[in-house]
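In case you want the letters, here they are:
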Amino acid sequence: MFRFSSRRPGITALVTVMVLGGVALFTAIVIALRGAGETDLSLTTLNGAQADALLAGCADEALLRLSRDQDYGSSGAAYFPFGNGECTV
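Residues numbered from 1 in each chain as written. Predicted model: local features only at pLDDT ≥ 70, side-chain atom pairs only at ≥ 80, totals over all residues. Heavy atoms only, no water.

Chemist: Tell me what's going on with the overall build of the protein chain, and back it up with residues and numbers.
Modeler: When you go through the protein chain residue by residue, the secondary structure sums to one helix and two strands. Starting at the N terminus and walking to the C terminus, you meet the elements of the protein chain as α-β-β. Counting over 89 residues, the protein chain shows a buried share of 6%. Accessible surface for the protein chain amounts to roughly 7500 Å². Of this, 65% is attributable to carbon and sulfur atoms. (Helix = DSSP H or I, 4+ residues; strand = E, 2+ residues; numbered from the N terminus. Buried < 20%, exposed > 50% of the residue type's maximum accessible area, 1.4 Å probe, protein only. Areas by Shrake-Rupley, 256 points an atom, 1.4 Å probe, with all protein chains shown as cover.)

Structure below.
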């Protein structure tokens, strides 16, 4: 078993500080990586919600135009610009 020499009493404190510093650094890195992952997940969720809203708006617009004009769409694809995107039906 290893024993610290009484001639060097500061070595115990030094080892303790280094171990605690390593644990603190590891914890800080894990927290930072989790924060980055949460930010990415939040952005993905927001983009999904915007895409869903665009899809709903595009479908509603196409159905509205079709109900007003039975020949709508027979001439080819229609293009709809929206606030955050666009769609083609």
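Chemist: Lay out the state of the cysteines with the relevant residues and their values.
Modeler: One pass over the full model with this rule turns up one disulfide. C58 shares a disulfide with C87; S-S distance 2.0 Å. Handedness here is read from the sign of the S-S torsion; for C58 and C87, about 100°, the answer is right-handed. On the criterion of sequence distance, the pair formed by C58 in helix 1 (residues 10-68) and C87 in strand 2 (residues 85-88) is long-range, its members being 29 residues apart. (Disulfide = S-S within 2.5 Å.)

Chemist: Help me get a handle on the pairing of strand 1 (residues 79-82), residues and values and all.
Modeler: Here four bridges tie strand 1 to strand 2, and the two strands are oriented antiparallel to one another. Bridge pairing in strand 2 links Y79 to T88. From the end of strand 1 to the start of strand 2, which pair antiparallel, there are two residues. (Pairing = 2+ DSSP bridges.)

Chemist: A description of the pattern of salt bridges should follow, citing residues and the corresponding values.
Modeler: Inspection of every chain in the model, using the stated rule, returns one salt bridge. Linking E61 and R65 is a salt bridge whose minimum nitrogen-to-oxygen distance equals 2.7 Å. Of this pair, E61 and R65 both sit in helix 1, four residues apart, which is roughly one turn of the helix. On the basis of relative accessible area, R65 is assigned to the partly exposed category, the value being 35%. (Salt bridge = Lys/Arg side-chain N within 4 Å of Asp/Glu carboxyl O.)

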